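# Tertiary structure, described
Each chain, written out:
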Amino acid sequence: MSTTTTTAHSGVLGTACVSTFVVNANTSAVSILLPSIGSDLGVSIDLLQWAVTGYMLVGAATIVTSGALGDVFGRRRMFVYGLLLFVASCVLIALAPGGWLVIVGRVIQGAAGAAILASGLSLLSVVTTGPAQMRAVALWGGAAAAGAAAGPVLGGVLNEATGWQGLFWIDAGIAAVCVPWVLRTVPESRDPARPRKIDVAGTLLVAAVLAPFVFAMTEGSSWGWASVPTLVCLVISVVAAVVFVAVERRVAAPLVDLRLLRNTRLVGATTAILIGAGAIAGLSLLISLYFQEPATFGMSSLEAGLATLPLAALVILAAPAVTPLAHKFTPRAVIIAGFVLMTAGFAVLGAVGPSWTYWAMLPALVGIAVGLALSNGPASSIATASVAEEEVGAASGISNMARYVGGAVLTAVAAGIYGSVTANREAAGDPRGSSLADGLAVSCLALAIFSASGIVLGLLAARRARRPRPLDYAAAAAATAHTLPVHTAERAPLG
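Rules used in this analysis
Residues numbered from 1 in each chain as written. Predicted model: local features only at pLDDT ≥ 70, side-chain atom pairs only at ≥ 80, totals over all residues. Heavy atoms only, no water. Helix = DSSP H or I, 4+ residues; strand = E, 2+ residues; numbered from the N terminus. Buried < 20%, exposed > 50% of the residue type's maximum accessible area, 1.4 Å probe, protein only. Contact = heavy atoms within 4.5 Å. Core = buried A, V, L, I, M, F, W, Y, C linked by side-chain atoms within 4.5 Å. Phe/Tyr/Trp six-rings, centres within 6.5 Å; stacked < 30°, edge-to-face > 60°. 1 Å grid on protein atoms, 1.4 Å probe; cavity = no way out; pocket = protein on both sides within 12 Å on 5 of 7 lines; lining within 4 Å. Points joined across faces, edges and corners; volume = space filled by probe spheres on them. Nonpolar A, V, L, I, M, F, W, Y, C, P; charged D, E, K, R; others polar. Polar contact = N/O pair within 3.5 Å; in protein donor to acceptor, adjacent residues only side chain to side chain. pLDDT = per-residue confidence, 0-100. Axes fitted to C-alpha atoms, helices over the stretch in contact; angles between N-to-C directions. Parallel < 35°, antiparallel > 145°, perpendicular 65-115°, else oblique. Left-handed = near helix turned anticlockwise from the far one by under 90°.

When helices and strands are counted, the chain shows 16 helices and zero strands. With 495 residues in all, the chain has 56% of them scored as buried. In the chain, of all internal contacts separated by at least 6 residues, the share reaching a separation of at least 24 is 83%.

Here's what the structure looks like:
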């Protein structure tokens, strides 16, 4: 291997892993910081939850487009643009005098994070081949998973030491250092075979479908589910979805290849990913708020981050065991078992009361974490293994879009139920601690229903799986945050 090639490989690997760790740590840390941000800026959590859902909405709309822009205009260029946009968003959030600018910064950050993740992985795929690519993907997947797990703890540490702004200043500094590193060591690459047209209309229509729907789910309880504003939002979403399908049938390079949606295994696996990612995102927000509420556990942000660490670590540590389990017992059995555990865990939390301690909740939380690990990895593998080799990239793009969509929708649903039930109970004269427990319980019951639908989707999974390879373990570890487009001639058909 020449010196230039070695430099390019190490440059791409280093910058991709560092930036992926930072993006995922930032994403998972924000929920822990919301109570501190709200208290400092005098903003309600009802408003600040848009810092989470807005990020995911924009990520859903731009994750596939970011990869397409890199293929056409240069992957390194898009990677650098993503880093610069991430720096700008972090600075905006850190300097924000009010809640709305925090939300605007997070919306911008959603586009920046999507560009960094999509472009970084694309650069790895073109700079490395064979065993080197396997090692690179393994490291990238490990960085993605480690960032997602470490984020709440890092956010809690920095919040206690520097205030909530510290996380964003440090993230801005790391991303800024990555820019010259990328420019000096990473070669530019493009896909000359790809059509140069970008499906801008499809991107905007995804946002037009999701934003009013999430808005209706967030505000429907206060507006009234049959009120004019709620119905108008839902009608806009339906109309935008119809227009999206019409547009995607006609554009040269569609955001979503509608032909892939005829693949029942891909659709089933992608929907399972949506449900799992959405349920865990909704739960993450709920327990962050509940743990730090003075009327319940009264934890500090650091204590709340540490309280969630065992769950995140368990998902990552269990991932390597899930892949051989899927080979031995079939992906179908493992996915169904995962959703059964998730459903049971949420159902137990549906009985939570004001007397419950963290330790009383922990077994149910552990069950949910193990369930996510069992369902997520095999579903991600099926999403890419159920299509032809040349369609793997498109399938992983659909899968990753589904992660963002699930996170945005179920976070909005969970937060909306939590807030409305709590407010109604308090209005009826219940103590705040009891009202919050009721809000958490009803929200978890709703998430239990969503998780139960994943059991049905598990029936669409494969009956058998090929023997796992090292790359499969990396893909399973990364599946908590990203579906890797695993290309290999050794992929066996799943039947």
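Having seen the structure, we can now continue with the description.
For the rest of this paragraph, the subject is the nonpolar core. If you look at the biggest cluster of nonpolar residues, it comprises 136 residues, and the most contacted ones within it are Val102, Phe168, Phe291 and Phe346. In this structure Val102 touches Ile37, Leu41, Leu48, Ala51, Ile93, Ala96 and Trp164, once residues within four positions along its chain are discounted.

Here we come to the packing of aromatic side chains. All chains considered together, the criterion is met by seven aromatic pairs. On the numbers, 6.3 Å between centres and 80 degrees between planes, the contact of Trp164 with Phe168 is edge-to-face. The exposure classification of Trp164 matches that of Phe168, with both residues buried. With a centroid separation of 5.2 Å and 70 degrees between ring planes, the pair formed by Phe215 and Trp223 is classed as edge-to-face. What links up through ring pairs into an aromatic cluster is the set Tyr290, Phe291, Phe297, Tyr358 and Trp359.

Quick look at the layout of surface pockets now. Size it by volume and the second largest pocket reaches roughly 630 Å³. Forming the walls of the second largest pocket are 25 residues, and the residues nearest its centre are Ile45, Asp46, Leu289, Tyr418 and Gly419. Sorting elements by how many residues they give to the lining of the second largest pocket places helix α14 (residues 392-427) first, with eight residues. Its residues assigned to classes, the lining of the second largest pocket comprises nine nonpolar, 11 polar and five charged.

For the rest of this paragraph, the subject is the environment of Thr15. Within the element layout of this structure, Thr15 appears in helix α1 (residues 3-41). Residue Thr15 is classed as buried on the basis of its relative accessible area of 1%. Residues Thr15 and Thr185 lie 170 residues apart in sequence; the distance between their C-alpha atoms is 9.4 Å. Here Thr15 is in contact with Phe79, Cys178, Trp181, Val182 and Val186, once residues within four sequence places are set aside. In this structure the side chain of Thr15 is engaged in a polar contact, spanning 3.3 Å, whose partner is the backbone oxygen of Val12.

Our next topic: the confidence of the model for the chain. Per-residue confidence for the chain gives a mean pLDDT of 84; residues scoring 70 or more make up 89%. Confidence, read as mean pLDDT per element, is least for helix α16 (residues 470-478) in the chain (55) and greatest for helix α4 (residues 75-95) (94). When the criterion is pLDDT under 50, residues 488-495 qualifies, and its contacts beyond four places in sequence or with other chains add up to 25 contacts.

Once that is clear, we can look at the packing of helix α3 (residues 50-73) against helix α8 (residues 200-223). Where α3 meets α8, the closest approach of the two axes is 9 Å, and the angle between their N-to-C directions is 160 degrees. Taken as axis vectors, α3 and α8 run roughly antiparallel relative to one another. Taken as a pair, α3 and α8 cross one another with a handedness that is right-handed. Residues Trp50, Thr53, Leu57, Ala60, Ala61, Thr62 and Thr65 of α3 touch α8, and the partners they reach there are Thr203, Val206, Ala207, Leu210, Ala211, Val214, Phe215 and Thr218. Looking at the contact of α3 with α8 residue by residue, the class counts come to 10 nonpolar, five polar and no charged.

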